[in-house]
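Here is what each chain is made of, one letter per residue.
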Amino acid sequence: MTRTIASVQELNRLLETQKQQLQLTLTQTLLTVTPDDCRRMPLALSNTDSSPEKNVALLLEDMEDVTLDFGGSTLVCTGQLMPLTLLGCRRVTIRNLTIDWKIPLSAEGTILQMTSTRLELRIDSALFPFEVREGRLYFLGNGDPAPLWGFAHTAFDPDTGAVCMKMGDELRLEQCTSLSEDRVCFTGSFPTIYPTGAVVVLRHSQRLHAGIFAENCRELTFENITIHATAGLGILCQFCRDLTFRQVRFCANEAKGRKQVCGHDDGLHLTNNAGTITIEDCSFQGLMDDPVNVHGLAARIEQVEGHRTVIVRYVHPQSSGFALYARPGDRFSVIRSSSMHSLGIVTASAFTLLDPYTFRLEFEEDLPGETHPGDALENLTNTPALICRDNFFGPCRARGLLVSTPGPVLIEHNLFRSAGSAILMAGDANEWYESGACRDVTIRDNTFEAACMSTPYQFCEGVVSICPSIPQPDPALPFHQSILLEGNRFFASNGPVLYAFSAENLQLRSNRITGCSAEGPLFRLKLCRQVLLQDNELDAAPQPLLETEGMPDGEVRLLESSLDEEQPASDEEVLTLSDLLAEQNQQAYEELAK
């Protein structure tokens, strides 16, 4: 059926009347929504600031076999709210929708002048209304005045659109004075001078609502979705199964005069899901955090009550209150937090949420005998497989793709231009409590451009960074396993192509690496086992080429096949990794002989 809808309230009434077998197409329109148009619901959102209730605009609840085609419509929001929420849905497709804010909950300014102690910005007050009060900058238009954060602002190069080199999160903006209606001046210490004309995304407001939120759903498809702004994470799915994202775009609304400002935080944030997650033909640019983050949630054991019962705590303040964290039959790994190795696997029989931060969890079997307070739990049932292909990871504040799941992972045919690491495999039960040891990862036929690793962020040790947080690693028990990098093209100008810590069965085959830095090392391996380097081609020889730490001889193997003379790689000189390592070892031997 095709309908013309005049308001969010009218669409909600329509969705409440038919919960199943609905094929609804809207005529293209603008739907405005404010917190006054929303219902208040006590929802707990992963990696989001907590609040007693969330403002929910459009709600799909307990719907099955539904296609909601917005027909190119735009939801234009004001204030703190969640434009679209799906709860308990099955086989639902959402397509042809744009989400935007009348005034985004992040702002942007253009650098007019900058010295080591003074930064003058032009802020378009029509696009981003603001005031300066008692030396602080406040943004208006979305409820109470929102003070500018002191940190985590990002400058984008005026010529390339990339994140400015080496900035990380060093730009701190606090003391401010007003120069005119559209000009402000910050004073302080600025160790790096960014170019005149650079666009600085200015962060303010809390992370309270996702652009689209889904919980306890199955077989969801999001197709041809454009997100220009959010009040928190872009699309957040938690405790769901089988998710597809196709032609989802995060980008600035240039038609409104915006240049870079886009989502408030991550793009696709996918926590504690199961089944298969498919991300294809999507693009991410201008986000203020990671484009894609797929992970689980570790929770800390506070008390062991007998052989089969524990009291557990949600540790990170932005991830708490989950009533669906455990269900009878879910399999849990008991993790020793210091070494991150599993003590054993048990099956949940009962779950009771005691308060937003603590719960009681009972098991069918006895806990491992060495379980004690301080250990952590990971729900292995809520761990998905991931297919990520044909996507564009453009310039954003942090990394590109974060993946921490033991399910099979395929990352192929993507273009990475991310400022930090392009791909990060982390995992921890000590800080962020985002668990998930990878067990089967294939990274093939991707292109990693020179912008990767151009600026430092947490865990960004290489273009591909395998960097779990392990306070006391056990060399005999590597955390990540079975990772293959094959047929990729690296333009490696800003640091190591690969950093790997505590990984086993790691293979690099038939990769082409150009633009190598003369500083090296190209590969950094720490406490890894069973590493294979085969048929990789380089255009230069960084020194040192390979750096290892805590690894006995024999853990790194080299296999090189003859090059196909009928398939010249390029006009550049082709060097094999074996040749370069042999040269490096010979130089080291000669130095030792002296």
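Heads up: the structure comes first, above all this text.
Keep in mind it's a predicted model, so treat the numbers as computed, not measured.

Caption draft 1: Up close: the nonpolar core. One finds Leu86 and Phe245 to be the most contacted residues of the largest nonpolar core, which totals 131 residues. Discounting chain neighbours no more than four positions away, the residues touching Leu86 are Leu60, Val92, Ile94, Ile212, Phe213, Ala214, Glu215, Cys217, Leu220 and Phe222. One finds Leu297, Ala299, Tyr325 and Leu377 within the second-largest nonpolar core, a separate group that totals 22 residues.

Caption draft 2: Local environment of the pairing of strand S12 (residues 136-139). Two strands pair when backbone bridges link them, and strand S11 (residues 130-133) and S12 are joined in this way by 4 bridges, in the antiparallel orientation. Along S12, the bridge assignment pairs Glu131 with Tyr138. Where S11 folds back on S12, the antiparallel hairpin that results is connected by 2 residues, among which Glu134 adopts a positive phi of roughly 50°. Linkage of S12 to strand S13 (residues 146-147), two consecutive antiparallel strands, is achieved through a turn of 6 residues, within which Gly141 is found at a positive phi near 105°.

Caption draft 3: Region of the structure containing the pairing of strand S28 (residues 331-336). Across the 6 residues that make up S28, a large majority, 5, are buried. Sheet topology note: the S28/strand S29 (residues 341-355) ladder contains 6 bridges and is antiparallel. Looking at the pairing, Arg336 lines up with His341 of S29. Between the end of S28 and the start of S29, which pair antiparallel, lie 4 residues, with Met340 showing a positive phi angle near 65°. Pairing analysis gives 4 bridges linking S28 to strand S31 (residues 376-379), with the strands arranged antiparallel. Residue pairing for S31: Ile335 is matched across the bridge by Ala376.

Caption draft 4: The pattern of salt bridges, seen in detail. A complete count under the given rule lists 33 salt bridges for this structure. Between Glu16 and Arg39 there is a salt bridge; the shortest N-O distance is 3.2 Å. Of the two residues, Glu16 is situated in helix H1 (residues 8-17) and Arg39 in strand S4 (residues 39-41); the sequence distance between them amounts to 23 residues. Of the residues examined, Glu16 reaches a relative accessible area of 43% and is grouped as partly exposed. Between Glu280 and Arg389 there is a salt bridge; the shortest N-O distance is 3.0 Å. You can see Glu280 sitting in strand S23 (residues 274-280) and its partner Arg389 sitting in strand S32 (residues 385-389), a full 109 residues away along the chain. Each of Asp169, Arg203, Arg207, Asp265, Asp289, Asp290, Arg397 and Arg399 takes part in salt bridges that share partners, so that together they form one network.

Caption draft 5: Layout of H1. For H1, the set of buried residues is Val8, Leu11, Asn12, Leu14 and Leu15. Projected down its long axis, H1 shows its buried positions confined to an angular sector of 160°, all on one face. Projecting away from the buried face of H1 at angles above 90 degrees are the exposed residues Arg13 and Thr17. On the buried face of H1, the contacting elements are strand S1 (2-3), strand S2 (20-26), strand S3 (30-33), S4, strand S5 (54-61) and strand S6 (64-77).

What counts as what
- Residues numbered from 1 in each chain as written.
- Predicted model: local features only at pLDDT ≥ 70, side-chain atom pairs only at ≥ 80, totals over all residues.
- Heavy atoms only, no water.
- Core = buried A, V, L, I, M, F, W, Y, C linked by side-chain atoms within 4.5 Å.
- Buried < 20%, exposed > 50% of the residue type's maximum accessible area, 1.4 Å probe, protein only.
- Contact = heavy atoms within 4.5 Å.
- Pairing = 2+ DSSP bridges.
- Helix = DSSP H or I, 4+ residues; strand = E, 2+ residues; numbered from the N terminus.
- Salt bridge = Lys/Arg side-chain N within 4 Å of Asp/Glu carboxyl O.
- Arc of directions from axis to C-beta.

Everything listed here is a matter of coordinates, which is why it stays silent on function.
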